[in-house]
Structure formats: C-alpha cells, structure tokens
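Now for the letters of each chain:
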Amino acid sequence: MHREVRTLAADTSLAEAWEIIQQTGFHHFPIIDSERHVLAMFSDYDLLHALAKRPASTQASFWKSNVMGIAVRPVMCVLENTDIRQASNLMYEYNIDALPVLNNYNALCGIITRSDILKLISHYGPMELWA
C-alpha cells in the first residue's frame, strides 16, 4: 500500500486533473471530501476514454467540466487490515486497477494498485498465497 496518495477534490476541473496526471505520473486518484471520505475514483483512463467519445466541437467545454462527471462511483475500498489476498481477489473479480484503503474512521489512508501487488510478489519470491 502507498500511504502517499494524490487525491482530487470534487470540484476539480478536467483540465486541472490532466495537469496533475502529467506532473505526478500517477494514474488513479481518489476524489475525497474534507474529512477524507472517498466519493469517487478518477483515472487517466477515464479521462482519455471520455475525451475520445466527445465530438471535437465540444472539447473546449469538456476541459472545463468537473471530474465528478466522469469519475467512477460507487467505489470499492478495503480497510488497512484487509488481507492482501482479499484485496487481490477483489481487484481481479471486479477488474479494478486501484483500491483506496480506509482507516477505522472510513477516511482514506492509502491506495493499493495492481503494480503494488506485482511488485510484492516479484520482490518477495515464493509466497504461500495459493494454499
């Protein structure tokens, strides 16, 4: 899990979100409220997919729109004490690329991505995940 999570506010414009994607290199962004509760998930894929479906004549207004217009809701999350096998299974079963991680107060405290799981498996060698 990454504890350093780049998030977006619900009123972020798509232009601002694209700028953040370019600056950070991150692909997944939880959209949170003032109490760090997860409202939605936003990804570079969501942005590019929505942009590709828009007629060229409406693309100027597209960039001014709000991220919540194309963000994914509801969001599947896990708690910070969730077993990595359970998190991996959720990601596989529901084809999820990133899972927000919540603390006991349901506030965002981290994120798990598919890359994190692959890194874990590749760095720590044989694991008893299949038992």
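Scroll up a little and you will see the structure.
Residues numbered from 1 in each chain as written. Predicted model: local features only at pLDDT ≥ 70, side-chain atom pairs only at ≥ 80, totals over all residues. Heavy atoms only, no water.

The next subject is the side chain of Asp116. Examined against the element boundaries, Asp116 turns out to sit in helix α5 (residues 114-123). An unpaired buried charge is present at Asp116: no salt bridge exists, and Lys119, the closest side chain of opposite charge, is 4.9 Å distant. Polar side-chain contacts of Asp116 include one of 2.8 Å to the backbone nitrogen of Thr113. Those residues in contact with Asp116, other than ones at most four positions away along the chain, are His2 and Ile111. (Helix = DSSP H or I, 4+ residues; strand = E, 2+ residues; numbered from the N terminus. Buried < 20%, exposed > 50% of the residue type's maximum accessible area, 1.4 Å probe, protein only. Lys, Arg positive; Asp, Glu negative; His and termini not counted. Salt bridge = Lys/Arg side-chain N within 4 Å of Asp/Glu carboxyl O. Polar contact = N/O pair within 3.5 Å; in protein donor to acceptor, adjacent residues only side chain to side chain. Contact = heavy atoms within 4.5 Å.)

If you walk through the whole model with that rule in mind, you get 3 salt bridges. With its nearest N and O atoms 2.9 Å apart, the salt bridge here joins Arg85 to Asp83. With relative accessibility at 42%, the residue Arg85 sits in the partly exposed group. Close ionic contact of Arg114 with Asp97 constitutes a salt bridge, the shortest N to O distance being 2.9 Å. Pair noted here: Arg114 is in helix α5 and Asp97 is in the loop between α4 (84-93) and β5 (98-102), with a separation of 17 residues, a long-range link. Accessibility expressed as a relative area gives 32% for Arg114, which makes it partly exposed.

This part is about the packing of helix α1 (residues 14-24) against helix α2 (residues 44-53). Between α1 and α2, the least distance of the axes is 11 Å, while the angle of their chain directions is 130°. Between α1 and α2, the interaxial angle falls into the category oblique. As α1 runs across α2, the sense of the crossing is left-handed. Between α1 and α2, the residues in contact are Leu14, Trp18 and Ile21 and Asp44, Leu47 and Leu48, respectively. Residue composition of the contact of α1 with α2, grouped by class: 5 nonpolar, no polar and 1 charged. (Axes fitted to C-alpha atoms, helices over the stretch in contact; angles between N-to-C directions. Parallel < 35°, antiparallel > 145°, perpendicular 65-115°, else oblique. Left-handed = near helix turned anticlockwise from the far one by under 90°. Nonpolar A, V, L, I, M, F, W, Y, C, P; charged D, E, K, R; others polar.)

Within the structure shown, the criterion is met by 2 aromatic pairs. Ring geometry for Phe26 and Phe29: centres 6.5 Å apart, planes at 45°, overall tilted. Here Phe29 falls in the buried class, since its relative accessible area comes to 0%. Here Phe62 and Trp63 contribute two aromatic rings whose centre-to-centre distance is 5.3 Å and whose plane-to-plane angle is 85°, an arrangement assigned as edge-to-face. On the basis of relative accessible area, Phe62 is assigned to the buried category, the value being 2%. (Phe/Tyr/Trp six-rings, centres within 6.5 Å; stacked < 30°, edge-to-face > 60°.)

Turning our attention to the nonpolar core. Residues Leu8, Ile31, Phe42 and Val67 are the most contacted members of the largest nonpolar core, which totals 16 residues. Those elements giving two or more residues to this core turn out to be α1, β2 (28-32), β3 (38-43) and α2. Take this core: its biggest share by element is 4 residues, from α1. Ignoring anything within four residues of it in the chain, the contact list for Leu8 reads Ala17, Ile20, Phe29, Pro30, Ile31, Ile32, Phe42 and Val67. Grouped together as the second largest cluster of nonpolar side chains are 9 residues, Val78, Leu99, Val101 and Cys109 included. (Core = buried A, V, L, I, M, F, W, Y, C linked by side-chain atoms within 4.5 Å.)

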